[in-house]
Amino acid sequence: MKVRAFSHFFKSYYNPSYGSLFRTTYYVDCNGQYRYTQNSTEVRDDLDYDELANLIKTRFSKYDKINILPMNGSDGTESYLIANSILNTIKDNTVKEKIFPIRVTDVDSAIIENYGQKGVVALKEDDIKAFGSSFDKYFEEINIRLLPYDATYSKEAKAFRLKPDFKKLFTFNVQDLQERIQDVNDYGNSVVIIRNCLAETFGKDETRNLISKLSKILHPNSLLVIGGFDRKRLSSLIPDLEYFGFKEVGKNIFSLNN
């Protein structure tokens with residue numbers, strides 16, 4: 001890690017306008033197209049993690065394996081919250097074998113390699129509270145200066161490292177979500193998570209194409225989870241989902257079979 005002046009550290013690290021972590025970058029996608037992507041992580045009220053966990057419990061009870069597939073998973077914060085709700089909701093002794101590891105991907109290699117793969121994360125107090133009483137079982141606090149320098153953090157953020165037993169419940173890899181969609185091998189036991197990246201990175205027409213592809217790949221029992229930001233910014237998103245047969249079964253949670 002490069003050592004920088006202490007005053008520069010605070011200028012680089014903290015920005016109160018964003019979530020726990022904020023980073024933007026450009027990348028070349030799997031089709032050779034130049035695109036913009038943004039990582040902004042924090043607990044959001046556009047997804048009820050316990051509701052998602054309950055849907056996973058009821059819809060996939062007959063399956064021996066359930067695939068949780070965050071396709072723009074950023075630093076892993078949301079995947080950790082989803083895992084927390086699953087572990088608190090599904091008390092089956094085989095839950096870890098059935099659901100984990102959660103396979104997180106993102107196109108931003110710096111985010112994947114420096115956060116998810118290293119098992120470090122920046123969290124604000126609201127993020128910490130969202131984990132409830134389980135937080136101390138999963139995380140240990142570290143000095144925030146141990147986090148990477150190529151992102152911006154909230155002034156309220158603290159740095160944490162995942163404890164080994166929790167860290168092994170996730171894998172992190174770099175992959176374009178367009179490519180990953182094509183790699184989905186679904187038997188009605190998948191939860192595809194694409195949240196709050198469609199409006200900024202793809203826009204109306206390309207988002208419609210992605211939904212069309214998902215409607216052909218996913219079986220009726222599987223779930224597609226979207227984000228409130230995309231829902232607000234893309235007025236065509238819900239009509240397109242409905243056109244291709246998706247029905248809303250929970251807050252921002254969709255299925256081809258409701």
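Here the structure is a predicted model, which is why all the values come from computation and not from measurement.

Reading guide: rules and limits
Residues numbered from 1 in each chain as written. Predicted model: local features only at pLDDT ≥ 70, side-chain atom pairs only at ≥ 80, totals over all residues. Heavy atoms only, no water. Core = buried A, V, L, I, M, F, W, Y, C linked by side-chain atoms within 4.5 Å. Buried < 20%, exposed > 50% of the residue type's maximum accessible area, 1.4 Å probe, protein only. Helix = DSSP H or I, 4+ residues; strand = E, 2+ residues; numbered from the N terminus. Contact = heavy atoms within 4.5 Å. Phe/Tyr/Trp six-rings, centres within 6.5 Å; stacked < 30°, edge-to-face > 60°. 1 Å grid on protein atoms, 1.4 Å probe; cavity = no way out; pocket = protein on both sides within 12 Å on 5 of 7 lines; lining within 4 Å. Points joined across faces, edges and corners; volume = space filled by probe spheres on them. Nonpolar A, V, L, I, M, F, W, Y, C, P; charged D, E, K, R; others polar. Expected span 1.5 Å × (residues − 1). Polar contact = N/O pair within 3.5 Å; in protein donor to acceptor, adjacent residues only side chain to side chain. Axes fitted to C-alpha atoms, helices over the stretch in contact; angles between N-to-C directions. Parallel < 35°, antiparallel > 145°, perpendicular 65-115°, else oblique. Left-handed = near helix turned anticlockwise from the far one by under 90°. Salt bridge = Lys/Arg side-chain N within 4 Å of Asp/Glu carboxyl O.

Concerning the nonpolar core
The nonpolar side chains of soluble globular proteins are, as a tendency, buried together. With 40 residues, the main nonpolar core has Ile 56, Phe 139 and Phe 166 as its most contacted residues. Here this core takes six residues from helix H3 (residues 77-89), the largest share from any one element. Not counting chain neighbours up to four residues away, the residues in contact with Phe 166 comprise Tyr 80, Ala 83, Leu 87, Tyr 138 and Phe 139. Counting residues in hydrophobic clusters, the runner-up holds 25 residues, among them Leu 69, Ile 194, Ala 199 and Leu 224.

Focus: the packing of aromatic side chains
If you walk through the whole model with that rule in mind, you get 16 aromatic pairs. Here the aromatic rings of Tyr 80 and Phe 172 are separated by 6.3 Å at their centres, their planes lie at 65°, and the arrangement is edge-to-face. Of the two residues, Tyr 80 is situated in helix H3 and Phe 172 in strand E9 (residues 170-174); the sequence distance between them amounts to 92 residues. One exposure class covers both Tyr 80 and Phe 172, and it is buried. Both rings, one in Phe 139 and one in Phe 160, keep their centres 6.5 Å apart while their planes meet at 75°; by these two values the pair is edge-to-face.

Here's the deal with empty space enclosed by the protein
For the structure shown, the criterion picks out two cavities of 30 Å³ or more. If you add up the space inside the largest cavity, you get close to 60 Å³. If you go around the largest cavity, the residues you meet are Ile 194, Leu 198, Thr 207, Leu 210, Ile 211, Leu 214, Leu 224, Ile 226, Leu 237 and Leu 241. Among the secondary structure elements, those contributing two or more residues to the lining of the largest cavity are helix H11 (203-217) and helix H13 (237-243). Counting residues per element, the lining of the largest cavity draws most heavily on H11, at four residues. Its residues assigned to classes, the lining of the largest cavity shows nine nonpolar, one polar and no charged. Forming the boundary of the second largest cavity are Lys 65, Ile 66, Asn 67, Ile 68, Ile 99, Pro 101 and Arg 103. Considering only residue class, the lining of the second largest cavity consists of four nonpolar, one polar and two charged.

Concerning H3
Relative to the 18 Å expected for 13 residues at 1.5 Å per residue, H3 spans 19 Å between its end C-alpha atoms, a close match to the ideal helical length. Across the 13 residues that make up H3, a large majority, 12, are buried. Considered for burial, the residues of H3 that qualify are Thr 77, Glu 78, Ser 79, Tyr 80, Leu 81, Ile 82, Ala 83, Asn 84, Ser 85, Ile 86, Leu 87 and Thr 89.

Focus on helix H5 (residues 109-116)
Those residues of H5 lying buried are Ala 110, Ile 111, Ile 112, Tyr 115 and Gly 116. Capping of H5 at its N-terminal end is provided by Asp 108; its side-chain oxygen lies 3.1 Å from the backbone amide nitrogen of Ala 110.

Topic: the packing of helix H2 (residues 49-59) against H3
It is at 8 Å that the axes of H2 and H3 come closest, and there the two elements cross at 55°. One finds that H2 runs oblique with respect to H3. Here H2 and H3 pass one another in a crossing that is right-handed. Residues Tyr 49, Asp 50, Leu 52, Ala 53, Asn 54, Ile 56 and Lys 57 of H2 lie in contact with H3, whose contacting residues are Glu 78, Leu 81, Ile 82, Ser 85, Ile 86 and Thr 89. Among the residues forming the contact of H2 with H3, the class breakdown is seven nonpolar, three polar and three charged.

Things to note about the pattern of salt bridges
A full pass over the atoms with the stated rule returns eight salt bridges. Residue Arg 35 pairs with Glu 206 through a salt bridge whose shortest N-O separation is 2.6 Å. In this pair, Arg 35 sits in strand E2 (residues 34-41) while Glu 206 sits in helix H11, placing the two residues 171 residues apart along the sequence. Accessibility expressed as a relative area gives 4% for Arg 35, which makes it buried. With a shortest N-O distance of 2.6 Å, Glu 78 and Arg 195 are connected by a salt bridge. Of the two residues, Glu 78 sits in helix H3 while Arg 195 sits in the loop between strand E10 (190-193) and helix H10 (198-201), which places them 117 residues apart along the sequence. Residue class for Glu 78 comes out buried when judged on its relative accessible area of 18%. Three or more residues are tied together by salt bridges with common partners; here these are Asp 29, Arg 35 and Glu 206.

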